[in-house]
Amino acid sequence: MSGAARTRRIGVVADSHVGEYLDALPAGVLEALDGCDLVLHAVDLSVPSVLEDLEAVAPVVAVRGDHDRLGGLRLPDVAVVVAGGRRIGLIHGRRPRLVDSSVITASVVAGRNLRYRGGLHAALARRLGPVDCVVYGHWHEPAAARRGATLFFSPGAVCPYGNLEGGRPPRGGVKGIGDRGVRRFRWQLGAEAMRPSVGILEVGSAAIVPRVVPIAPPQPARAT
């Protein structure tokens, strides 16, 4: 089989939040990504050491999220890589704060998970231009859907609950109201969204096949 025809195995990680809500990248992440040709980190790695950990598996491409403390490291807002002859775009899944907050609030009031991805995917596609696959994070929820010829893929989150990881209580005051709303929204997403996970993209000449890989729950960061 020629190199051009070989299926490429791409690992996808999102929302690891190491150094913020977790002390370290869980060992299960590296185990799940073993054998990958490339690793994409779709936002909110939080600290640069995560990239060093992932580079033990394969070369890493990462973009900047809204929870990153990178020091002097500069990451792009978007990136496009070519693998197996396919263009794969990498981007944070965040829209303007008012839009995201409205989605969460409306879902909580409705008591069910409203369909928000149609508008989200259209917005991400506009920012990336023509690609075969859009990889994103931010929502801490596994998702795979097609819009026309483009695959949209979120692997879920290494740290699903974010600042409520490990059963932490909501914060006080106005922030606590937001925490309670986000927690209720996440419950409405279902059990799959609550399990830590990473993703694998099998990129071949015929198709890009996405897969979500659950990992063992990470340990929350120690309170300081």
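In the block above lies the structure referred to throughout.
Here is what the cut-offs are and how they apply
Residues numbered from 1 in each chain as written. Predicted model: local features only at pLDDT ≥ 70, side-chain atom pairs only at ≥ 80, totals over all residues. Heavy atoms only, no water. Helix = DSSP H or I, 4+ residues; strand = E, 2+ residues; numbered from the N terminus. Buried < 20%, exposed > 50% of the residue type's maximum accessible area, 1.4 Å probe, protein only. Areas by Shrake-Rupley, 256 points an atom, 1.4 Å probe, with all protein chains shown as cover. Salt bridge = Lys/Arg side-chain N within 4 Å of Asp/Glu carboxyl O. Pairing = 2+ DSSP bridges. Axes fitted to C-alpha atoms, helices over the stretch in contact; angles between N-to-C directions.

### Here's the deal with the overall build of the chain
- On a plain count of helices and strands, the chain comes out with six helices and ten strands.
- Per-residue burial for the chain yields a buried fraction of 49% across its 224 residues.
- When the accessible area of the chain is evaluated, it comes to approximately 10,700 Å², of which 54% is carbon and sulfur surface.

### Remarks on the pattern of salt bridges
- Inspection of the entire model under this criterion finds two salt bridges.
- In this structure, glutamate 202 engages arginine 9 in a salt bridge whose closest nitrogen and oxygen atoms are separated by 3.5 Å. Of this pair, glutamate 202 sits in strand β9 (residues 197-203) while arginine 9 sits in strand β1 (residues 8-13), placing them 193 residues apart in sequence.

### Focus on the sheet that holds β1
- With mixed pairing, the five strands of this open sheet are ordered in space as β3-β2-β1-β9-β10. Either end of the sheet is taken by a strand with one partner, and the two such strands are β3 (60-62) and β10 (208-214). Between one strand and the next, the sheet's axes are offset by a mean angle of 25 degrees, whatever the strand orientation.
- In this structure, strand β2 (residues 38-41) lies alongside β3, joined through three bridges in parallel fashion. Counted as the bridge partner of valine 39 is valine 60 from β3.

Read these as geometric descriptors, not functional statements.
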